[in-house]
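The residues making up each chain are set out below.
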Amino acid sequence: MKRIRKKSTKKPISLNKARYVSSKIGKTKAVESVESLRKYVPSTKRMNSVTLQEMLEQYKMVYVKPNIGMFGNGVIRIELTGEEAERSYSYQSGVTIKRFKTFTDMYVSLLKVTRKRRYLVQKGIHLLTYKGNRFDLRVMVQQTPARKWETTGIIGRVAHPAKIVTNFHNGGTLKSVDTLLKKYLPRAERTGYVNQLQVMGIQVAKAINAQYRGVKEIGVDVALDKDLQPWILEVNTSPDPYIFRRLKDKRIFAKIRRYAKAYGRL
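Computed from a predicted model, the values in this text were never measured in an experiment.

Analysis parameters
- Residues numbered from 1 in each chain as written.
- Predicted model: local features only at pLDDT ≥ 70, side-chain atom pairs only at ≥ 80, totals over all residues.
- Heavy atoms only, no water.
- Helix = DSSP H or I, 4+ residues; strand = E, 2+ residues; numbered from the N terminus.
- Rg over C-alpha atoms; globule rule 2.2 N^0.38 Å.
- Buried < 20%, exposed > 50% of the residue type's maximum accessible area, 1.4 Å probe, protein only.
- Expected span 1.5 Å × (residues − 1).
- Arc of directions from axis to C-beta.
- Contact = heavy atoms within 4.5 Å.
- Core = buried A, V, L, I, M, F, W, Y, C linked by side-chain atoms within 4.5 Å.
- pLDDT = per-residue confidence, 0-100.
- Phe/Tyr/Trp six-rings, centres within 6.5 Å; stacked < 30°, edge-to-face > 60°.
- Lys NZ or Arg CZ within 6 Å of the ring centre and 35° of its normal.
- Pairing = 2+ DSSP bridges.
- Axes fitted to C-alpha atoms, helices over the stretch in contact; angles between N-to-C directions.

### Focus: the overall build of the protein
Logical step 1: Check the secondary structure of the protein and you find 8 helices and 12 strands.
Logical step 2: The globule rule puts the C-alpha radius of gyration for 266 residues at 18 Å, and the 21 Å found for the protein is close to it.
Logical step 3: Dimensions of the protein, computed from C-alpha atoms along their principal axes, come out at roughly 85 × 55 × 35 Å.
Logical step 4: The proportion of buried residues among the 266 residues of the protein is 47%.

Take a look at the structure:
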């Protein structure tokens, strides 16, 4: 007589869900746990009236962003200008800019935008520009079929003239790294610089993977300041691979797609 097996009541685990890490502060702390990467992470704290005011005093310009969010949605740029009695505060959310004479007035208005969501405040980095518009870089890092980390692509994202975020899904424009860095570095130095970014991307992937074992791919958002110092703004564990189709070199997206298929993303 055959034994009748009871059907399991457990729901199957979604591999993609297991790989996705939503908390930005959690990913930031994972990167900061590696000493060699700490210098590339701008100061990032949970936002409240105290941390926001302290960081504005220190840096004069900060970004606040939802702890959980995508595509640059909800990101706000806040600035403090002037000295003592002449001080003024302003913030930009989307294309709207508001100005205030006191921190309290600004903060009350800001809370109406952020509502009850948990936000982070991050040291503001003055980005390099391309034709007058700010840009940053997206560094794509993936596990190969042999389960080794490899930086498979780097692409530039140029912000819409009226916006503060560079995301393609928020009006940004995609450009090759070579095009964006041409103004700042001679050709011979650009190659070495990009190689450094590739190595940094792999280090970030290992740091994230050490804390979140299911992660198979990351997209690192990297800002460059006037001294060409790279800053790790954010790590995305579900990066859009299709933006790399915009690059002239089609081999880059072909490899990204092949690796993604190997670990079940596509």
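### Quick word on helix 8 (residues 250-262)
Logical step 1: With 13 residues, helix 8 should reach 18 Å at 1.5 Å per residue; the first-to-last C-alpha distance of 19 Å fits that figure.
Logical step 2: When helix 8 is considered as a whole, its buried residues turn out to be Phe 253, Ile 256, Tyr 259 and Ala 260. Looking straight down helix 8, one finds its buried side chains confined to an arc of 130°; they lie on one side. Projecting away from the buried face of helix 8 at angles above 90 degrees are the exposed residues Lys 250, Arg 251 and Ala 262.
Logical step 3: Against strand 8 (133-143) and strand 9 (149-158) lie the buried residues of helix 8.
Logical step 4: Two residues or fewer after helix 8 comes Gly 264, characterised by a positive phi angle close to 90°.

### Observations regarding the nonpolar core
Logical step 1: By size, the foremost hydrophobic cluster in this structure holds 35 residues, and its most contacted members are Leu 137, Val 204 and Ile 218.
Logical step 2: Those elements that place two or more of their residues in this core are helix 2 (24-32), strand 8, strand 9, helix 6 (177-181), helix 7 (187-211), strand 11 (217-224) and strand 12 (230-236).
Logical step 3: Looking at which element gives the most residues to this core, the answer is helix 7, with 8 residues.

### Some remarks on the confidence of the model for the protein
Logical step 1: Counting all residues, the mean pLDDT for the protein is 91, and 93% of those residues have values of 70 or more.
Logical step 2: Model confidence for the protein, summarised as mean pLDDT per element, is weakest for helix 1 (residues 15-19) at 50 and strongest for strand 9 at 98.
Logical step 3: A low-confidence stretch, residues 1-18 (pLDDT under 50), is modelled with 4 contacts involving residues beyond four sequence positions or located in other chains.

### Observations regarding the packing of aromatic side chains
Logical step 1: Summed over all chains, the structure comprises 5 aromatic pairs.
Logical step 2: Ring centres 5.9 Å apart and planes at 70° place the aromatic pair Tyr 89 and Phe 103 in the edge-to-face group. Linking Tyr 89 in strand 4 (residues 88-93) with Phe 103 in helix 5 (residues 103-114), this pair joins segments that are 14 residues apart in sequence.
Logical step 3: Sitting over the ring of Phe 253, Arg 245 keeps its end group 5.9 Å from the ring centre.

### A look at the sheet that holds strand 3 (residues 76-81)
Logical step 1: With antiparallel pairing, the 6 strands of this open sheet are ordered in space as 1-6-2-3-4-5. Two strands lie at the open edges of the sheet, namely strand 1 (44-46) and strand 5 (96-100), each paired on one side alone. This sheet shows a mean twist of 20° between the axes of neighbouring strands, independent of strand direction.
Logical step 2: As paired elements, strand 3 and strand 4 share 6 bridges and run antiparallel to each other. Within the sheet, the bridge partner assigned to Ile 78 lies in strand 4 and is Tyr 91.
Logical step 3: Across the sheet, helix 2 lies against strand 1, strand 2 (61-66) and strand 6 (119-123), angled at about 140° from strand 1, the strand it touches most.
Logical step 4: Against the sheet, helix 4 (residues 49-59) makes contact with strand 1, strand 2, strand 3, strand 4 and strand 6, and its axis sits at roughly 145° relative to strand 2, the strand it touches most.

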